[in-house]
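# A structural walkthrough
What follows is the residue order along each chain.
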Amino acid sequence: MQSLIIWLALGASLLSWGVCLALWVVYRRHREQAQAERDSLLGKMESLRKQLTELHSGTIGMGRRLQGVEGEIHKLQEHQQELTLQDPDRRLYSRAAKMVELGADVDELMSECELPKAEAELLISLRKGR
């Protein structure tokens, strides 16, 4: 009977060791998987950080270029305004063009801007074509 108890105790002990070993193996696998997932996520985060840095740099560069373009547009508008004011005929045609945009007819253009009928008709047809 004692030998049976010893064998049962030994079997229970071996079974306990087996369960502990199995649990330890499962724990190691989960730990390795968690470490692999962590490493993968860290790699993805680093990649996203680099992309964000590149986008930020590109945005800054694009902003600078836009400021330069705005400055050039402003200079061109000023130059165009100066040219318009220098030439009285251009002022006349600019005024006539604005009147056409506001809906003036041939007679109004002829009387207000002192344009010949053919020029007034041409201005109206050009503006309506746009």
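Further up the page is the structure itself.
Residues numbered from 1 in each chain as written. Predicted model: local features only at pLDDT ≥ 70, side-chain atom pairs only at ≥ 80, totals over all residues. Heavy atoms only, no water.

Formed by Ala96, Met99, Val100, Ala104, Val106, Leu109, Cys113, Leu115, Ala120, Leu123 and Ile124, the largest nonpolar core amounts to eleven residues. Residues contacting Leu115, with those up to four places away along its chain left out, are Leu92, Tyr93, Ala96, Leu109, Met110, Ala120 and Leu123. (Core = buried A, V, L, I, M, F, W, Y, C linked by side-chain atoms within 4.5 Å. Buried < 20%, exposed > 50% of the residue type's maximum accessible area, 1.4 Å probe, protein only. Contact = heavy atoms within 4.5 Å.)

Quick look at the packing of helix α3 (residues 106-113) against helix α4 (residues 117-129) now. For the pair α3 and α4, the least separation of the axes is 9 Å and the interaxial angle reads 125°. Taken as axis vectors, α3 and α4 run oblique relative to one another. By crossing handedness, the relation of α3 to α4 is classed as right-handed. Facing Val106, Leu109 and Met110 of α3, the residues of α4 in contact are Lys117, Ala120, Glu121 and Ile124. Across the contact of α3 with α4, the residue classes tally to five nonpolar, no polar and two charged. (Axes fitted to C-alpha atoms, helices over the stretch in contact; angles between N-to-C directions. Helix = DSSP H or I, 4+ residues; strand = E, 2+ residues; numbered from the N terminus. Parallel < 35°, antiparallel > 145°, perpendicular 65-115°, else oblique. Left-handed = near helix turned anticlockwise from the far one by under 90°. Nonpolar A, V, L, I, M, F, W, Y, C, P; charged D, E, K, R; others polar.)

Let's shift gears to unusual backbone geometry. In this structure, Glu114 takes a positive phi of about 55° despite not being glycine. When you line up the elements, Glu114 lands in the loop between α3 and α4.

Pairing is possible between side chains that carry opposite charge, provided their charged atoms lie close to one another. All chains considered together, the criterion is met by five salt bridges. Here Arg28 makes a salt bridge to Glu32, at a shortest N to O gap of 4.0 Å. Of this pair, Arg28 and Glu32 both sit in helix α1 (residues 2-86), separated by four residues, roughly a single helical turn. Between Glu112 and Arg95 there is a salt bridge, with its nearest N and O atoms 3.1 Å apart. With Glu112 in helix α3 and Arg95 in helix α2 (residues 88-101), this pair connects stretches of sequence that are 17 residues apart. When its relative accessible area of 40% is taken as the criterion, Arg95 is described as partly exposed. (Salt bridge = Lys/Arg side-chain N within 4 Å of Asp/Glu carboxyl O.)

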